[in-house]
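Each chain, written out:
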Amino acid sequence: MADIETEQNRDENSPYPLPSHDRLKVLSSTRPVVTQSTHVRINHERLKELAQRWLQEIAATSDHTAEQDQWYFQYHFFDGGERTVNWMLLLDALNFCFWSERGQPRWTIEYKGETLNGYWAEAAALTRAVEEGLPLWDADYLSKLNSETLAHIFRGEQTIPLFEERLRNAREVGYVLQTHFNGQFSQVIAQAKGSAPALAELLTTYFPSFNDITTYRGQEVRFLKRAQICVSDLASAFKGTAWGAFSDLNQLTAFADYKLPQVLRHFHVFEYSDKLAQRIDTQMLLPAGSEEEVEIRAATVWACELLQRAMRQEGQENVTAAEIDQRLWLLGQDATTMRPYHRTRTIFY
Ligand SMILES: Nc1nc2c(c(CN[C@H]3C=C[C@H](O)[C@@H]3O)cn2[C@@H]2O[C@H](COP(=O)(O)O)[C@@H](O)[C@H]2O)c(=O)[nH]1
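So, a few notes on the structure that sits alongside this text.

Criteria and thresholds
- Residues numbered from 1 in each chain as written.
- Predicted model: local features only at pLDDT ≥ 70, side-chain atom pairs only at ≥ 80, totals over all residues.
- Heavy atoms only, no water.
- Near = heavy atom within 4 Å.
- Polar contact = N/O pair within 3.5 Å; in protein donor to acceptor, adjacent residues only side chain to side chain.
- Areas by Shrake-Rupley, 256 points an atom, 1.4 Å probe, with all protein chains shown as cover.
- 1 Å grid on protein atoms, 1.4 Å probe; cavity = no way out; pocket = protein on both sides within 12 Å on 5 of 7 lines; lining within 4 Å.
- Sits in = over half its atoms within 2 Å of the grid points.
- Helix = DSSP H or I, 4+ residues; strand = E, 2+ residues; numbered from the N terminus.
- Nonpolar A, V, L, I, M, F, W, Y, C, P; charged D, E, K, R; others polar.
- Domains from an automatic or database assignment.
- Phe/Tyr/Trp six-rings, centres within 6.5 Å; stacked < 30°, edge-to-face > 60°.
- Buried < 20%, exposed > 50% of the residue type's maximum accessible area, 1.4 Å probe, protein only.
- Pairing = 2+ DSSP bridges.
- Contact = heavy atoms within 4.5 Å.
- Disulfide = S-S within 2.5 Å.
- Points joined across faces, edges and corners; volume = space filled by probe spheres on them.

Time to look at the site of the ligand. Taken together, 22 residues lie around the ligand, and Tyr119, Lys225, Tyr258, Lys259 and Asp325 are the ones closest in. A distance of 2.5 Å is found between an oxygen atom of the ligand and a side-chain nitrogen or oxygen belonging to lysine 225. Note that an oxygen atom of the ligand is positioned 3.0 Å from one of the side-chain N or O atoms of glutamine 333. Here the ligand has 670 Å² of accessible area as a free molecule, and 99% of this is covered by the chains. Taking a 2 Å distance to the grid points as the criterion, the majority of the atoms of the ligand fall inside the largest pocket. Those elements that provide at least two residues to the shell around the ligand are helix 4 (118-131), helix 10 (225-237), helix 11 (259-266) and helix 14 (321-331). Within the shell around the ligand, the residues separate by chemical class into 11 nonpolar, five polar and six charged. Of the domains in this structure, domain 1 (1-70 + 195-349) and domain 2 (73-183) are the two that each give at least three residues to the shell around the ligand.

Printed below as a string of structure tokens:
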């Protein structure tokens, strides 16, 4: 039964008014974090300036196929069938934590003449494996995946971080698909009946590695980052058709990773306490579940929500948090002029 929205929640004068729909409870559970936050502050003036700048950029570009809804087929296996959706579930089960220890070079792979790192390396490595004949779309195969095979899949310079966790997540995908869904992610998608939050909820319920939920000062906080991005990726890859057809993508929130906070801080939308700034700038680890980490992630969700609202108020009525997310994430792919992102060893982002 949906929580009865208290008067306080619906308080339109709050700087963080809740939307009418919040099925995943990401916005309602992160709102107390943002309002109580002591290490991270959202600068609302800078946020509005950023929204204005983007609106001007959109107005200036004649080509309105927003780059945000691109799907990079050169790095992503795609045959349009059930193998593709199983492969994409694996992609997002392993879509986390690509950075290296302080002072160490990043893990990279060579793929079709390019040296790739981070998310692109993960996607391309999984595509390379399929091209080399490994059935990464097969649930039984995944449930029995061994470490030698996974090491071969991710072969390159250095080692992909959290290797054992990735092996466990890959096997979990195979095991859960076999046990509950006849080996097909398409059956999970069918159960969601075209609802994006419903599919994210199913992923969180059935696949433990997607259960991106923590606590802050004793209260549950839900981010569901990989569950939500998996739904968004399906919509992008299938261009809103077939297994990518969702009627309510606007109910997804931003995906609280480590790149968006870096970009939001670069634009001075995020202000960190001196202590937190010093820890991040010296690349010290932030423990998963720490107040600092949860405040950074909660502020990320709400900054994207507020950016979306600011742009909608100025006429971009169809912009979604996922599109704001993509725009920020792509900006973060050229982070040479930015200060470091925060480092939390986690399987959740
Ligand atoms: N918030 C958000 N986080 C995202 C993505 C993506 C890639 N998705 C898009 C790419 C092409 C398609 O259009 C996909 O939609 C990866 N990540 C996260 O970033 C981190 C990796 O970063 P780096 O170390 O620089 O590779 C890691 O936490 C990873 O989980 C996104 O879109 N939004």
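Next comes the rest of the account.
So, about the packing of aromatic side chains. To describe a pair of aromatic rings, one takes the distance between the centres and the angle between the planes. Counted under the stated rule, the structure contains 17 aromatic pairs. Residues tyrosine 119 and tryptophan 329 carry aromatic rings whose centres are separated by 6.0 Å and whose planes lie at 90° to one another, so their mutual orientation is edge-to-face. Within this pair, whereas tyrosine 119 is found in helix 4, its partner tryptophan 329 is found in helix 14, the two being separated by 210 residues in sequence. In this pair, the class of tyrosine 119 matches that of tryptophan 329, namely buried.

Take the pairing of strand 4 (residues 213-216) next. Relative to strand 5 (residues 219-222), strand 4 is paired through four bridges, and the arrangement is antiparallel. Along strand 5, the bridge assignment pairs threonine 215 with glutamate 220. Linking strand 4 to strand 5, which pair antiparallel, is a turn of two residues; within it arginine 217 sits at a positive phi near 50°.

Take glutamate 305: it is sitting in helix 13 (residues 291-313). Polar side-chain contacts of glutamate 305 include one of 2.9 Å to the side chain of arginine 309. When neighbours within four sequence positions are excluded, glutamate 305 is seen to be in contact with Pro19 and Leu27.

Put plainly, two cysteines are in a disulfide when a covalent bond ties their sulfur atoms together. Applying the stated rule across the entire model yields zero disulfides. For cysteine 97, which is in no disulfide, the shortest distance to another cysteine sulfur is to cysteine 230 and amounts to 19 Å. When its relative accessible area of 0% is taken as the criterion, cysteine 97 is described as buried. Free of any disulfide, cysteine 304 has its nearest neighbouring cysteine sulfur in cysteine 230, separated by 19 Å. According to the relative accessible area criterion, cysteine 304 is buried, its value standing at 0%.

The computed volume of the largest pocket comes to approximately 730 Å³. In terms of lining residues, the largest pocket is bounded by 42 residues, among which Ile229, Asp233, Asp325, Gln326 and Trp329 are the most central. At the level of secondary structure, the elements contributing two or more residues to the lining of the largest pocket comprise helix 4, helix 10 and helix 14. Considering only residue class, the lining of the largest pocket consists of 18 nonpolar, 14 polar and 10 charged. Per-domain counts for the lining of the largest pocket show at least three residues from each of domain 1 (1-70 + 195-349) and domain 2 (73-183).

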